[in-house]
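# Observations on the model geometry
For reference, the chains in residue letters:
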Amino acid sequence: MLRERNFTGGNAIDNPWGTLSTYGMFIDNRAAEIANALHQQADAMDVGEKLPSVRELSRVYKASPVTITAAITSLTALGVVRAEPGRGTFVAGRDLAQEPDYAWQSSALGRSRVDPSRAGRIGSHGTGDHVQLSWGYLAPELQPFDELRTLGVRCAKSHRAWTMAPPSGLPELRRVFAADLGAEPEDMLIMPGGQQSLVFAMRTLADPGTTLITESPSYPGAILAAQAAGLNLAAVPADGDGIRPDKLAEALERTHAKLIYLQPCYANPTGAVLSPERRVEVLALAKRFGAFIIEDDWARHLALEGAAPAPLFTQDPDGHVVSIATLSKPAAPGLRVGALAARGPAGERLRRARIAEDMCVPALAQEIALGLLTSSAWPRHIKRLRTGLRDRRDAMVHQIHASLPGARVANVPTGGIHLWVKLAEGTDSTALTAAAQDAGVLIGDGKGYYLDEPPAPHIRLSFGAASIPDIEEGVRRVGSAGQYISPTGIRAASRLLGPGSGQAHASS
Ligand SMILES: Cc1ncc(COP(=O)(O)O)c(C=O)c1O
């Protein structure tokens, strides 16, 4: 069967460099016109038939050989014609464009480790038309864009930016991250962000088939990371003070897990901070059971009131805690720079294993991160962020009280970017999330933050990625959408509320 090809070729987009033709290349406007005409001509010819020579086409189209060659090259890239050196240009065989048969892959691939529905909910931005109350990063106006742009230009001019960085990262950058933790620079590994650090730590520190314990509810990306590492998962309940040590002890006893995933500081999604007493108990349990704790310290720079508690890493001299930091949250998600700290043989193993992954984090990104963290603009940015996020959080809490009757924010977080909203008993959070999306608002369905059935319906509303007017409007729309959700999840009339969309909602 022939795959449908675009033979119209006419939808060219003008831009300062020329024309982005439907042939997928930037060519000048005249070449695009000629490519369009040749495309139609080739379509009327037989497969294998020879096109006129470049000289002949130059004459016919009154264009230079360079322009004709550019037109032919763009058609070659599209598979319309085939150039044979020394012989000429021929209409390409249309059988090349046959529908591919991927059926064999289904049996070759085996079972997917990563739960595709959970993965589908992470990393999607929605469209520009959506109010974004689900995206776990900063709105562009909250990012240190001017500093990043200046540093980007400056760093790109240096040869250092284009050499291969050491696998563990630039020594100066390791030193900067180490200082936050009271660690030695040798304990540090520069990583391409938090998510990669999670998968890497899980894969390197545990054998497939063993168990990772996670507090619950928790970051869905950590669940995916454990799945990608081939680990089994066990959930231990957390409350406003973090993971419950009594339940953690039971789970360690039952599962013999050697890995525990925790967010002790402003946890995603609940905003909980692990209490001082529980920190001591959790570390004692790690010691008793000989387990590692992966400390996901993503929100360290996002304190909204008071100071963030010291990293758990600083309370552990014996190498139980492996701590992960990221600049994706306080700076920009596209920077892809973070750090992992680990002591003892585990640290050694992680540093050796790093080379097997991807050689190094690009030196350019590391240079930019180093410039950012050591500039006087960084503390100024963090201060500005604190105010910007606090105002957004307060506006969101206020609007939730005004627009979502029956919903409750049990813990107004003192840091981070998320609100964990408990819905009225019996509300179907999935139906509400879908109705909100139909109303043009992306929110996080609470079910995605649990391994199994949630104990109560929740949604996660994030205040970092939207402006205050958008937060107010978004929460209002969620409230209106919620009016049409009955306890059994039956939706009615919610499509009347706003722009519909088939996009998966983002949640990170
Ligand atoms: C708790 C938590 N950890 C880690 C990450 C991953 O961050 P990064 O963008 O640095 O990979 C996220 C992102 O949403 C997160 O919420």
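For the structure, see preceding data.
What you see is a predicted model; the values in this text were computed from it and never measured.

## Describing the overall build of the protein
Secondary structure assignment for the protein yields 16 helices and 18 strands. A buried classification covers 46% of the 508 residues belonging to the protein. Looking at the protein alone, contacts between residues at least 24 apart form 72% of all its contacts between residues at least 6 apart.

## Examining the nonpolar core
Ranked by internal contacts, the top residues of the largest apolar core, which has 115 residues, are A201, M202, L259 and L340. No other element matches the 6 residues that helix α13 (residues 363-373) contributes to this core. Apart from residues lying up to four places away in sequence, M202 is in contact with L212, A225, A226, A229, L231 and L259. Listed in part, the 17 residues of the second largest apolar core include A42, L75, V81 and V91.

## Some thoughts on the site of the ligand
Surrounding the ligand, one finds 15 residues, the nearest of these being G193, G194, Q195, T326 and S328. Residues belonging to the shell around the ligand are distributed by class as follows: 3 nonpolar, 11 polar and 1 charged.

## What to know about the sheet that holds strand β9 (residues 232-239)
The 8 strands lie next to each other as β7-β14-β13-β12-β11-β8-β9-β10, forming an open sheet whose pairing is mixed. Two strands bound the open sheet, and with one partner strand each, they are β7 (188-191) and β10 (242-243). Relative to strand β14 (residues 338-341), strand β13 (residues 321-326) runs antiparallel, the two sharing 4 bridges. The residue bridging I324 from the neighbouring strand is L340, located in β14. Packed onto the sheet, helix α8 (residues 194-205) meets β7, β8 (211-216), β11 (259-262), β12 (292-296), β13 and β14 and runs at close to 160° relative to β13.

## Quick word on helix α11 (residues 276-289)
Turn by turn, an α-helix covers 3.6 residues, leaving residues three or four places apart pointing in a common direction. Here α11 contains 14 residues, and its C-alpha end-to-end distance of 20 Å stays within 8% of the 20 Å for a straight helix at 1.5 Å per residue. Those residues of α11 lying buried are R279, V282, L285 and A286. Down the axis of α11, the smallest arc covering the buried residues is 130°, so these residues share one side. Among the exposed residues of α11, those oriented more than 90 degrees off its buried face are P276, E277, V280, A284, K287 and R288. Packed against the buried residues of α11 are β10, α10 (245-255), β11 and β12.

Definitions and cut-offs
- Residues numbered from 1 in each chain as written.
- Predicted model: local features only at pLDDT ≥ 70, side-chain atom pairs only at ≥ 80, totals over all residues.
- Helix = DSSP H or I, 4+ residues; strand = E, 2+ residues; numbered from the N terminus.
- Buried ≥ 20, exposed ≤ 12 C-beta atoms within 10 Å, placed from the backbone.
- Contact = placed C-beta atoms within 7 Å.
- Core = buried A, V, L, I, M, F, W, Y, C linked by C-beta atoms within 7 Å.
- Near = placed C-beta within 6 Å.
- Nonpolar A, V, L, I, M, F, W, Y, C, P; charged D, E, K, R; others polar.
- Pairing = 2+ DSSP bridges.
- Axes fitted to C-alpha atoms, helices over the stretch in contact; angles between N-to-C directions.
- Expected span 1.5 Å × (residues − 1).
- Arc of directions from axis to C-beta.

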